[in-house]
Every structure is written in C-alpha cells, then in structure tokens.
Amino acid sequence: MYRKILCQIHRRFTSISPPHSKLVHTSCPNLVKPFVDFVSILQVCCDHALVRQGKQVHAQVVVGGRQCKGSLLGTKILAMYVLCGSFLHAKNTFHHLELGLASPWNWMIRGFTMMGLFKYALMFYFKMLGYGTSPDKYTFPPVIKACGGLNNVSLAKQVHERVRLMGLEVDVFVGSSLIKLYAENGCIDDARNLFDKMPQRDSVLWNVMLNGYVKNGDTKHSVEMFLEMSESDVKPNSVTYACMLSVCSSEELICFGTQIHGHVVSCGLELDSPVANTLLAMYSKCQRLSDACKLFNLMPQTDLVTWNGMISGHVQNGFMIEASNCFRDMISARIEPDSITFASFLPSVTEFASLKLGKEIHGYIIRHGVPLDVFLKSALIDLYFKCRNVEMARKILHQSTTVDLIVCTAMISGFVLNGMNTDAMEIFRWLLKAKMRPNSVTLASVLPAFAGMAALKLGKELHGNIIKTGLDRRCYVGSAITDMYAKCGRLDLARQVFRKMIERDAVCWNSMITSCSQNGEPEEAIDLFRQMGLEGTKYDCVSISAALSSCANLPALHHGKEIHGFMIRRAFSSDIFSGSALIDMYAKCGSLDFARRVFNFMEGKNEVSWNSIIAAYGNHGQLEESLTLFHEMLEQGILPDHVTFLGMISACGHAGRVDDGSHFFRLMTEEYKIPARTEHYACMVDLFGRAGCLNEAFETINSMPFSPDAGVWGTLLGACRVHGNVELAEEVSKHLFELDPQNSGYYILLSNIHADVGDWRSVLKIRSLMKERGVQKVPGYSWIDINNKTHMFVATDGSHPDSAEIYSLLKNLLLELRREGYVPQLYLPVHPQTLGI
C-alpha cells in the first residue's frame, strides 16, 4: 500500500515545476495546480510511515517561497505533522501560522487529545481563548473528549455552557461528544436531556445512550430506549443487539433475551461475531448452557472470543470437566489461548485443587509468553491459595512489576481462606498506604479477617468508613459486615445491620441465619428461614444447610423432617452440601439410621459427605463403624482433609482409644502433610483428658506451634474436674481468666473442682472474684421435643405452663431406663431428685 502511495507522490513531484520555473515568479493562474497538488499530497502523507515524504512537500513549499501563514496549505502541513505524531515539527509549524484563526488551534488540541495528553489539550484550548481566537464547531469535540479523559465533568459542563451560547449544542458532532461524555461519567439524565434536543440521531448516538444506561445499571430505561429505537427510523445494528443481550445476561432476563435473539435472526445478524458471542454469554449466565452449546455448534466460524465464552460458560455453570474438554478442543482447533482464556479456565482447575495440573498450565503460560494481566495473575494466585501453596502465590505477587487492586483483593481472599488473617490485614493496610481505593469486593474479602481475629474495634472503624463511601448498600458488603459482628460476639449489631439493609438477597439472609445458628439462637435462625421464604427470596443450598444446622443445634427433629420434605419436592436432595447437612441433623437429633439412609442414597459423595457420616458414628460412640467408613472413603479415591481427621480423633476420644487417636494425629501431620489447627489440638487434649492422661494433655498444649486459645485450655479444665486434679486446674484457670475473663463457665467449673474436694474457702474466693470482675452466671437451659413441639426450660425457672406435664414425662422416662439397667447421661434443667427419683 505504501509503495503505491510513494509512486503517486513521486509522479506528482515530477509533474510540479522546479522552484526556478517561471510559474513560481508569476501570477499566472497555472499556480493553482501546484497548490492543489501539494494539498492532495499532504492529505496522502497523514501517516507516521510517510512523514519523510510530508517533510519533502513542506520543504518544496518553503523553497518555493509560498506564503502559508494564513493559507489552507499551512494548515494542511500542520495537520500532516499532527496526524503523523511529529509534535516537535507541528509546534514549529503552529507558531508560523495565523493564530487568529481557529484551525491551527483545533489541530493542536486534536493532536494532544489523540495522544492522550488531555491536560495539554485543555491548556491549548484556554490559551486559544486567552489569545482572543473564537472556537468553532471543530474545536469542541476534542476538548470535550479531553474533559472525559480526565473525568472532569464540571469542566465539561462549563464547556457545554459556551457551546450552548454559541448555538452549537445540537450540532451532530458537538452534541454527540457531550452525550457520550455524560453517559460514560454517570450523568445519564444530562445525556438524555441533550439527546432529546438533537434533531438528528444516528445509530451511534442511540448506542451511546443505551451503553450509558447499561453502565449505570438502569435496566428499565435501557429496555425502554431499545424499544423506542426499534420504533424510530434508525434500526438497531449489531452493536445495539450486543449491548442489549449483555443486559439480559446480567439481569437474567432470559425471556426478553430470547425475543431479541429472534430479532437478530430475522435481521441476519445471528452469525455476526460480537452478537453471537454475546448470545453465548447470555445463555451461559442464565443457566441455559445447552442452548449456548447448540448455538456454538451452529456457528460456521469460531474465534478466540467464542471459545473463551464457551469455557467461561461451562465454569460458571459448574461443569468443570466439560470446561477442561472444551479447552483441549480449543487447542486441537489451533486456536492460541490468551490471558482471558486462562483466567476463565483456571477456576475449573481450582475446583479440583489439582496443584500438579495448575503448575503445568502455569508453565505453558510462561513458555508461550502469554501476557500476565491482572485477571490472569489473580486467577493464578487464587489457584495456588486454594491448593494450599501460599509461597507460590506470594512469588506471583512479588514478581509483578505493578500491583493493582484486583491482585491485592485476590491476595487478601487467599490469606483469609488459609486462616492467615494477619497477612490479609497487612495487604489491606499496604493497599491503603499505596492510595488504592478498596472496592466492594475488597471490603467483602477483608471483613472475614477482622472476624477471624475478633478485632471488633478495627471492624467498627472499617464499618464507619464503608458507610461514608456508601458501599454498605451492596448486599455482599452488608452480609460480610453482619457476619463480622456475629463472629465477634455482637449478634445485636449484626441484627441492626441486617434490618437496615434496603435490599436483601439470598446471601444476606443466609449470613444472618448462619450467624444466629452459630451464636446459640437456633430458634431465631429457623424463624428467619421461614421469613426468608415469605418475603419471596429463593432458598439455595446454603439456606437449606444453615436451617438444618439450626435444627441440629436445637434439636428439632420435626423441623428437620419438614425441611427434608421440602428438599425432596424442590430437588435440593441431590445437592451434596445440603445432603451432608441433613446427615448431620439426623445424627445430632439421635436418628442415626436416617442419617445413614441419606448417606447411602446420595448419588455423588465428596469429602464433606464422608466427614458428616464419619463424625455421626463417632459422636454416637461407634468407633468401629467410623473406622470402616474412613477406609471406604480412601478406597473411593477421596483424600481426607483436616475435618476428616478431626472427626476420627474425636471418635477415638469418645471410645477411649488414646493410641488410635494419636495415630490419626500423626497420620494427618506426617503422612498427609495437613497442618494441625487449634481444634485438632483441643481434640487431642480431650482425648488425653478423658483417659486421665492429664500430663500428656498439658504437654500437648505446650507443644502447640501457636498460642492456645480459651477452648483448648477449657477442655483441659473440664478434664481436671472429671479426674479431680486441683493443682493443674489452678494452673489452667490462670490462662483462662486471662484469655476470657468474662466467661462465667470457667469460674463455675473451677469452683466446682474445689467444692468436690471440700475446699470451701477457695470456692468463696472464686465467687468473690466473679463479683469483683462483674461476671454474671449464665443460667443453664435445655430443649425437649414433645408432640412435634420444642420446649425450652431454663434452670430454676418453673414458669413454663407445661412444666408439670414435662417433668412427669421425664420422670417416667428415667424410671423406664433404670429398669432396663441403663443409667442415662442427660443434661437436664432439673436434678433427678426434683422429680422424686
């Protein structure tokens, strides 16, 4: 192409008379021909590759003695330099032109805007005004674009006012520039007001307004605008359809999206690449993957974007194996994957926590020089964190030349996932020092770190900042705040945040139900579960699991059975996590046979399902059955995790098998390389404590690689009560009173240990210490299920209307059990002597 242009320039140069020709020194009308030739040649040379030829033309003009200060020729030379990106020559030419005209200024402003030097563009605009040169309609589009580049809407409005005074507001170029700026910067009402004034609206202007509504999340007006455009003289094009289909996918407006698909087919645009790819994305996001696959198979030609859409669609719908197959098919079709491909595909690898496969893909990325953009870095970091390879995730962070908010958010989320809350907080502090403004996803990721560290004061400070920025209105941020307060022991504040939320999605409800269930309020959790359904929010597997957990904690078998029936009717019974929660509920409600039936009928079983049934038998004292299930789990190819070993060690503790419990602890840490957590050490302390090996229990605590919490010490204190070890109990209580000084249970337990050995002086001393520290004894309470109704009884409270009937039933139950030679270990709100037994 360039050779053809150069030949054209050469012919024109040879046809122009030399500088010494008489044509140069005469006023003959033939002078017009060389002038026209120079202008046309300069128009051809408006490309960086042809700047040398443009300079030759400029030299011919100068040598020929032609005056170009205020002529069209001078402006064309300036335009040539600007469009070629040669700003030094453009500046020199600019200063030799007549600056009372708008054209030289316009070209300089346009050039700076094209180069992204928006501040210089605006500086020249104001210099133009200061020079006294009046702008024209060609001045304002690049000036408005420069305002948009700097996100300076207030300055753009000042420019708009000047445009209006000059009567250029409805000019097609100036008006379109203003509408685009307003739409892209959130001033959609200003954009619409100006749009309605425009006498002529082309498809570009309609699409700008549509994209503006979409960007502002205004689905209603975007649909109305699309329908209005369809009825106008300007018909929708491929850009319009792609924009509207993206709305349907984000809002799950599948019916409307299907209608648009019909319009696309009638217009013959169904095979247009942007439209077809957006259709694929819409069907995938609306969980209509089969339709997306049909569309993909009908496409005569597929590109990289199409394959990326199919891989992403399979991952979004949970078909991880199919996503891997799609990736292999893409490679077989000789389509080179890019960073978007890997960012879409890596979550499928993460799902299986396959570190080996993840490293292979990482190696492929490095070998083929795939650019590591922020999304791919985040996907790799997420992969390594979920595969428990924290060091590799750190390396990716440290190898990055630039670190942005997305990568920082991935690091925070990964540290929280691995229980490294302090590291998550450090990253959060670092990004604040680096002047990065955290978004809603960052805040929702870091709030669990505050909860994990029980840092209530810091959490409140962050909550205040969130309110100032207005991000508390986002559902997932509000859910994270609710969860943070609940885990910090402030369920009252969690309730306040939940009630003030304007919109509540399933995540918000699930967070509050789970919080109540985990904070000893199972009845409130079940009430919230009912209210969630009454308000029209759809239940999901998390809702079901949280409600079943509340039934298990209550325990309320009849509520659990009702939810089980609901699960069967609504096809939730096939969900692995809901099924695992159902196993746990039946086991804790004493129906071990029902728990086993649920487990046996589950089609797909993962480690959560196996952990639930292993723990169920262990808690019922059936260690042999737990051992059998553990070995069956290994035979099925499912690797045990930290929860599996926790259940096995606990089962050994209930059965008094100290050696077996120690074996499983060593198996976990040495063979499977799973680091022991606080709960594992607490379980080992309980294992030794139940067997009377208090010294071993104390040594276990001292060998912990991190500081033991109150739960670990409390377990040992309970064992001291059982075995009457007063001296060790005193040592343990010092740690407990320091870690959790307001927990009345520890004071009462130590008091009872002294009372058992007749040391009443120490009992009084402990009671006095409680009064001195303002510790209030929490009364004990129990639940009992009678005729499908749950009753709660508080110790020493005889105000329950059915208390006499309940006590009578309890008395008969205990007498029946004793006649059969079984002494029940029941935690009752009344002593058996009260029942007359």
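Under an unreviewed UniProt entry, the name given to the chain is DYW domain containing protein, and the source organism is Trema orientale.

Chemist: Account for the overall build of the chain, with residues named and values stated.
Modeler: Helix and strand counts for the chain come out as 46 helices and 2 strands. In the chain, of all internal contacts separated by at least 6 residues, the share reaching a separation of at least 24 is 57%. As presented, the chain carries roughly 43,300 Å² of accessible surface, and 54% of it is formed by carbon and sulfur atoms.

Chemist: Just give me the short version of the nonpolar core, but keep the residues and values in it.
Modeler: One finds Ile179, Ile260, Ile544, Phe664 and Leu716 to be the most contacted residues of the largest nonpolar core, which totals 226 residues. Residue-level mapping places this core at the junction of two domains, with at least three residues from each of domain 1 (204-301) and domain 2 (677-778). Setting aside residues up to four positions removed in sequence, Ile260 forms contacts with Phe226, Tyr241, Met244, Leu245 and Cys248.

Chemist: Quick rundown of the pattern of salt bridges? Include the residues and the values.
Modeler: The tally for this structure, following the rule as stated, stands at 23 salt bridges. Lys180 is paired through a salt bridge with Glu184; the nearest N and O atoms lie 2.8 Å apart. Within this pair, Lys180 and its partner Glu184 are both found in helix H10 (residues 172-184), separated by 4 residues, close to a single helical turn. The class for Lys180 is partly exposed, based on a relative accessible area of 39%. You can call Glu184 partly exposed: its relative accessible area is 41%. When the shortest N-O distance is used, the salt bridge between Asp423 and Arg394 registers 3.2 Å. With Asp423 in helix H25 (residues 421-433) and Arg394 in helix H23 (residues 390-399), this residue pair connects regions lying 29 residues apart in the sequence. A relative accessible area of 22% means that Arg394 is categorised as partly exposed. One network of salt bridges, in which partners are shared, links Arg192, Asp196 and Glu228.

Chemist: Which residues make up the UniProt feature "repeat: PPR" (unreviewed entry) in the chain, and what values do they have?
Modeler: In the numbering adopted here, UniProt assigns the feature "repeat: PPR" (unreviewed entry) to residues 171-201, 202-236, 303-337, 404-438, 505-539, 606-640 and 641-675. With 74% helix and 0% strand, the stretch residues 202-236 has end C-alpha atoms that lie 10 Å from each other. As annotated, residues 404-438 has a helix share of 74% and a strand share of 0%, and its two end C-alpha atoms lie 10 Å apart.

Chemist: For the packing of helix H35 (residues 592-601) against helix H36 (residues 607-619), give the residues involved together with the corresponding values.
Modeler: Taken N-terminus to C-terminus, the directions of H35 and H36 make an angle of 160 degrees; their axes are 11 Å apart at the nearest point. Relative to H36, the element H35 lies roughly antiparallel. For the element pair H35 and H36, the recorded crossing hand is left-handed. Contacts from Leu592, Ala595, Arg596 and Phe599 in H35 reach Ser609, Trp610, Ile613, Ala616 and Tyr617 in H36.

Chemist: Explain a nonpolar patch on the surface to me, using residue names and the numbers behind them.
Modeler: On the surface, a nonpolar cluster with roughly 480 Å² of combined accessible area is contributed by Met114, Met115, Leu117, Tyr120 and Met123. For Leu117, the position within the fold is in the loop between helix H6 (102-114) and helix H7 (118-131). Using a relative accessible area of 34% as the deciding quantity, one classes Leu117 as partly exposed.

Chemist: Go over helix H20 (residues 339-351) with me, naming the residues and quoting the values.
Modeler: End to end, H20 covers 19 Å across 13 residues, agreeing with the expected 18 Å (1.5 Å per residue, within 8%). Along H20, the sharpest kink reaches roughly 25 degrees, centred on Phe345 and followed within four residues by the proline Pro347. For H20, every residue scored as buried is listed here: Ser339, Thr341, Phe342, Ser344, Phe345, Leu346, Ser348, Val349 and Thr350. The secondary structure elements touched by the buried residues of H20 are helix H18 (304-316), helix H19 (320-332), helix H21 (355-367) and helix H22 (374-386). Its side-chain oxygen placed 3.2 Å from the backbone nitrogen of Ile340, Asp338 serves as the N-cap of H20.

Chemist: If you had to explain the packing of helix H26 (residues 440-452) against helix H27 (residues 456-469) to someone new, which residues and values would you point to?
Modeler: Interaxial distance between H26 and H27 falls to 10 Å at its minimum, and their mutual angle equals 160 degrees. On the basis of their axis angle, the class for H26 and H27 is roughly antiparallel. Once H26 is placed against H27, the crossing between them reads as left-handed. On H27, the residues touching Leu443, Val446, Leu447 and Phe450 of H26 are Leu458, Gly459, Leu462 and Ile466. Grouping the amino acids of the contact of H26 with H27 by side-chain chemistry returns 7 nonpolar, 1 polar and no charged.

Calculation rules
- Starting afresh in each chain, residues are numbered from 1 along the sequence in its written order.
- Restriction of local features to residues with pLDDT of at least 70 applies here, the model being predicted, together with a cutoff of 80 or more for giving and counting side-chain atom pairs; totals for whole chains, interfaces and linings are based on all residues.
- Each side-chain value is worked out from all heavy atoms of the structure, with water and hydrogens disregarded.
- Starting at the N terminus, helices and strands are each numbered in turn, a helix being any DSSP run of H or I of at least four residues and a strand any DSSP run of E of at least two.
- When checking whether two residues touch, look at their non-hydrogen atoms; a contact exists if any pair is within 4.5 Å.
- In these tables, accessible area is a Shrake-Rupley quantity obtained with a 1.4 Å probe, and a residue counts as shielded only by the protein chains included in the view.
- Nonpolar cores were defined as sets of buried Ala, Val, Leu, Ile, Met, Phe, Trp, Tyr and Cys residues, with membership established by side-chain atoms within 4.5 Å.
- When a residue's accessible area, from a 1.4 Å probe over protein chains only, is under 20% of the maximum for its type it is buried; when over 50% it is exposed; and in between it is partly exposed.
- How far each domain reaches was decided by an automatic or database domain assignment.
- Just to be clear on terms, a salt bridge is a Lys or Arg side-chain nitrogen sitting within 4 Å of an Asp or Glu carboxyl oxygen.
- UniProt positions are given in the numbering used here, feature names are shortened, and annotations may be inferred rather than shown by experiment.
- Convention adopted: a line fitted to C-alpha atoms gives each axis, helices being fitted over their contacting stretch, and angles between N-to-C directions are expressed from 0 to 180 degrees.
- Any angle from 65 to 115 degrees is called roughly perpendicular, while one under 35 is roughly parallel, one over 145 is roughly antiparallel, and all others are oblique.
- The handedness criterion is simple: a crossing whose near helix is rotated anticlockwise from the far helix by less than a right angle is left-handed, and one whose near helix is rotated clockwise is right-handed.
- To count toward a patch, a residue needs a relative accessible area over 30% and no salt bridge; like charges are then connected within 9 Å, while nonpolar side chains (Val, Leu, Ile, Met, Phe, Trp, Tyr) are connected within 5 Å.
- For a helix, the expected span equals 1.5 Å multiplied by the residue count minus one.
- Across the chain, bend at a residue is computed as the angle between axes fitted to the seven residues ending at that point and the seven starting from it.
- As used in this structure description, the phrase polar contact means that two N or O atoms lie within 3.5 Å; if the pair is within protein, one of them must be able to donate a hydrogen and the other to accept it, and residues adjacent in sequence are counted only when both atoms belong to side chains.
- Amino acids outside the nonpolar list (Ala, Val, Leu, Ile, Met, Phe, Trp, Tyr, Cys, Pro) and the charged list (Asp, Glu, Lys, Arg) are all regarded as polar, and Gly is one of them.

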